[in-house]
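Chain by chain, the residues run as shown.
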Amino acid sequence: MKKGVSILAIFMLVAVLLTACNIQRIGKDNVYIEVIEPTETKEDSLDGGELITRYIYKQKAFDEEGESVDVEFSAGRELRQGAYLMLYLRNNNEVTSYDEVTWDDIPNAAQVELENYYSEN
């Protein structure tokens, strides 16, 4: 009986951890951007005929050492211009997810590069 309860408790713990974790973010590299205007929009139709718009962003991002990487990602809504995002990357520049962050959340080297890049452009 105790063994069965222990196994059930472990199973429930694993299930809770899996549902609370976003697999798209675990073990990924992070880079930082300031949101600009979308570089393009794409309209797709769903099976039911409903149209959805995807907003495509292509821009430079900076890692915690200040190194730049070109990224492209999409969002289901137009993102707030001037907001800061932490992007989650796999394979060097493939964006899997993102979170909005504050300026203070961005590492110093990335802050310097963001300031320089956006003051020039």
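Calculation rules
- Residues numbered from 1 in each chain as written.
- Predicted model: local features only at pLDDT ≥ 70, side-chain atom pairs only at ≥ 80, totals over all residues.
- Heavy atoms only, no water.
- Helix = DSSP H or I, 4+ residues; strand = E, 2+ residues; numbered from the N terminus.
- Buried < 20%, exposed > 50% of the residue type's maximum accessible area, 1.4 Å probe, protein only.
- Contact = heavy atoms within 4.5 Å.
- Areas by Shrake-Rupley, 256 points an atom, 1.4 Å probe, with all protein chains shown as cover.
- Pairing = 2+ DSSP bridges.
- Phe/Tyr/Trp six-rings, centres within 6.5 Å; stacked < 30°, edge-to-face > 60°.
- pLDDT = per-residue confidence, 0-100.
- Patch = residues over 30% accessible without salt bridge, like charges linked within 9 Å, V, L, I, M, F, W, Y side chains within 5 Å.
- Salt bridge = Lys/Arg side-chain N within 4 Å of Asp/Glu carboxyl O.
- Lys, Arg positive; Asp, Glu negative; His and termini not counted.
- Charge placed at Lys NZ, Arg CZ, Asp CG, Glu CD.
- Core = buried A, V, L, I, M, F, W, Y, C linked by side-chain atoms within 4.5 Å.

K.L.:
A description of the overall build of the chain should follow, citing residues and the corresponding values.
P.N.:
Scanning the chain from N- to C-terminus turns up two helices and six strands. The linear arrangement of helices and strands in the chain, starting from the amino end, is α-β-β-β-β-β-β-α. Counting all 121 residues of the chain, 28% fall into the buried class. Pairs at least 24 apart in sequence give 43% of the contacts found in the chain among residues at least 6 apart. Carbon and sulfur atoms make up 49% of the accessible area of the chain, which amounts to about 8300 Å² in all.

K.L.:
Which residues make up the pairing of strand β6 (residues 94–101), and what values do they have?
P.N.:
As a general feature of sheets, a regular strand has side chains that alternate between the two faces. Judged from the seven bridges that link them, strand β5 (residues 84–90) and β6 form a sheet pairing that is antiparallel. Its bridge partner being in β6, Leu85 is matched across the sheet by Glu100. In textbook terms, the turn of a hairpin is the stretch between consecutive antiparallel strands, and for β5 and β6 this stretch comprises three residues, one of which, Asn91, has a positive phi near 55°.

K.L.:
Give me the lowdown on unusual backbone geometry, citing residues and values where you can.
P.N.:
With a phi close to 55°, Asn91 is a non-glycine residue in the positive phi region. Following the sequence through the fold, Asn91 ends up in the loop between β5 and β6. Its relative accessible area of 60% is what places Asn91 among the exposed residues. If you check the backbone angles, Asn92 has positive phi at about 75° while not being a glycine. On the secondary structure map, Asn92 appears in the loop between β5 and β6.

K.L.:
Quick rundown of the packing of aromatic side chains? Include the residues and the values.
P.N.:
In the structure shown here, the tally under the stated rule is four aromatic pairs. Relative to Tyr98, the ring of Phe73 lies with its centre 5.7 Å away and its plane at 55°, an arrangement referred to as tilted. Remark: Tyr98 occurs in strand β6 and Phe73 occurs in strand β4 (residues 68–75); sequence separation between them is 25 residues. A residue is classified by how much of its surface remains accessible, and Tyr98, at 25% relative accessible area, is partly exposed. One aromatic cluster in this structure is built from Tyr57, Phe73 and Tyr98.

K.L.:
Provide a residue-level description of the confidence of the model for the chain, including the pertinent values.
P.N.:
Should pLDDT be low for a region, the predicted coordinates there are not to be read in detail. Averaged over all residues, the pLDDT of the chain equals 84, while 76% of them reach at least 70. Counted against residues more than four places away or in other chains, residues 15–25, with its pLDDT under 50, gives 11 contacts.

K.L.:
Which residues make up a negative patch on the surface, and what values do they have?
P.N.:
On the surface, a cluster of negative charge is made up of Asp29, Glu64, Glu65 and Glu67. Checked against the element boundaries, Glu67 lands in the loop between β3 (51–62) and β4.

K.L.:
So what about the nonpolar core? Which residues, and what values?
P.N.:
Formed by 16 residues in total, the largest nonpolar core has its most connected members in Val71, Phe73 and Leu87. For this core, the secondary-structure elements that each account for two or more residues are β1 (29–34), β3, β4 and β5. If one sorts the elements of this core by residue count, β4 sits on top with four residues. In contact with Leu87, other than residues within four places in its own chain, are Asp29, Asn30, Val31, Ile33, Ala61, Val71, Phe73, Val95, Ser97 and Tyr98. Residues Phe62, Val101, Ala110 and Leu114 belong to the second largest nonpolar core, which totals 10 residues.

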